[in-house]
Amino acid sequence: MVIPPPVRPPRIMKFLKPYVLKMHFTNKFVSAQVIHSPSATIASSASSQEKVLRSSMECTRDVAAAGKIGKILGERLLLKEIPAVSVFLKREQKYHGKVKAVIDSLKEVGVKLV
């Protein structure tokens with residue numbers, strides 16, 4: 001069963017950020033995804049769990065892996081013609097370490113942060 005996204009009035013939709021970057025870090029893997037918030041769908045994602053990426057990484061959980069995931073996600077976003085995203089950080093996430101590596105590599109590729 002698929003639950004449709006909530007219907008929001010146009011005045012609220014004007015203030016919503018359409019594409020939101022969310023990151024998830026575990027003890028083994030790094031993953032990041034960009035969600036299209038009005039339709040509640042995933043626009044693009046990258047993870048160190050992907051078989052293609054695992055072979056090219058030495059470690060799948062460190063800062064270098066987070067930087068590589070951000071770079072790959074940025075390239076995928078530009079292929080889908082998504083030029084800008086907003087960043088959603090959880091309460092315990094600070095702009096430091098892996099979070100900083102993902103965001104900085106997105107900036108290097110050319111994705112703007114709103």
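Before any of the text, the structure's been laid out above.
A brief structural summary. Just so you know, these numbers come straight off a predicted model, no measurement behind them. (Residues numbered from 1 in each chain as written. Predicted model: local features only at pLDDT ≥ 70, side-chain atom pairs only at ≥ 80, totals over all residues. Heavy atoms only, no water.)

### Describing the overall build of the protein
Here comes step 1: Helix and strand content of the protein: four helices and five strands.
Here comes step 2: When the elements of the protein are put in sequence order from the N terminus, they spell out α-β-β-β-α-α-β-α-β.
Here comes step 3: For the protein, the C-alpha radius of gyration of 15 Å lies close to 13 Å, the compact-globule estimate for 114 residues.
Here comes step 4: Burial analysis of the protein (114 residues in total) assigns 32% to the buried set.
Here comes step 5: The long-range fraction of contacts in the protein, counting pairs at least 24 apart against all pairs at least 6 apart in sequence, stands at 60%.
Here comes step 6: As displayed, the protein offers around 7,600 Å² of accessible surface, 59% of which is attributable to carbon and sulfur atoms.
Here comes step 7: Across the protein, the mean location of the 20 positive side-chain charges is 9 Å away from that of the 8 negative side-chain charges. (Helix = DSSP H or I, 4+ residues; strand = E, 2+ residues; numbered from the N terminus. Rg over C-alpha atoms; globule rule 2.2 N^0.38 Å. Buried < 20%, exposed > 50% of the residue type's maximum accessible area, 1.4 Å probe, protein only. Contact = heavy atoms within 4.5 Å. Areas by Shrake-Rupley, 256 points an atom, 1.4 Å probe, with all protein chains shown as cover. Lys, Arg positive; Asp, Glu negative; His and termini not counted. Charge placed at Lys NZ, Arg CZ, Asp CG, Glu CD.)

### Structural notes on a nonpolar patch on the surface
Here comes step 1: Taken together, the side chains of V87, L89 and L113 define a hydrophobic patch exposed on the protein surface, amounting to about 180 Å² of accessible area.
Here comes step 2: In this structure, L89 sits in the loop between β4 (84-87) and α4 (98-109).
Here comes step 3: On the basis of relative accessibility, which here comes to 32%, the residue L89 falls in the partly exposed class. (Patch = residues over 30% accessible without salt bridge, like charges linked within 9 Å, V, L, I, M, F, W, Y side chains within 5 Å. Salt bridge = Lys/Arg side-chain N within 4 Å of Asp/Glu carboxyl O.)

### Digging into the pattern of salt bridges
Here comes step 1: According to the stated counting rule, one finds one salt bridge in the structure shown.
Here comes step 2: For the salt bridge of E50 with R76, the shortest nitrogen-to-oxygen distance reads 3.0 Å. Separated by 26 residues along the polypeptide, E50 in the loop between β3 (41-47) and α2 (51-54) and R76 in helix α3 (residues 63-79) bring together distant segments of the chain.
Here comes step 3: Residue classification places E50 among the partly exposed residues on the basis of a relative accessible area of 23%.
Here comes step 4: Look at R76 and you get partly exposed, because its relative accessible area is 28%.

### Some thoughts on the pairing of β4
Here comes step 1: Sheet topology places strand β1 (residues 19-25) next to β4; two bridges connect them, and they run parallel. Bridge pairing in β4 links L21 to V87.
Here comes step 2: Both β4 and strand β5 (residues 112-113) contribute to a ladder of two bridges, which runs parallel. For V85, the partnering residue across the bridge sits in β5 and is L113.
Here comes step 3: This β-α-β element, β4 to α4 to β5, shows right-handed connectivity. (Pairing = 2+ DSSP bridges. Right-handed = clockwise from strand over helix to strand, strands pointing away.)

### Structural notes on the packing of α3 against α4
Here comes step 1: The interhelical angle for the contact between α3 and α4, taken along N-to-C directions, is 35°, at an axis separation of 7 Å. When you trace α3 past α4, the crossing you get is right-handed. Here α3 contributes V63, A66, G67, G70, K71, L73, G74, E75, L77 and L78 to the contact with α4, which in turn contributes K98, A101, V102, S105, L106 and V109.
Here comes step 2: Residue composition of the contact of α3 with α4, grouped by class: nine nonpolar, four polar and three charged. (Axes fitted to C-alpha atoms, helices over the stretch in contact; angles between N-to-C directions. Left-handed = near helix turned anticlockwise from the far one by under 90°. Nonpolar A, V, L, I, M, F, W, Y, C, P; charged D, E, K, R; others polar.)

### Some remarks on the packing of aromatic side chains
Here comes step 1: Applying the stated rule across the entire model yields zero aromatic pairs.
Here comes step 2: Lying across the ring of F88, K22 places its NZ or CZ 4.8 Å from the centre. (Phe/Tyr/Trp six-rings, centres within 6.5 Å; stacked < 30°, edge-to-face > 60°. Lys NZ or Arg CZ within 6 Å of the ring centre and 35° of its normal.)

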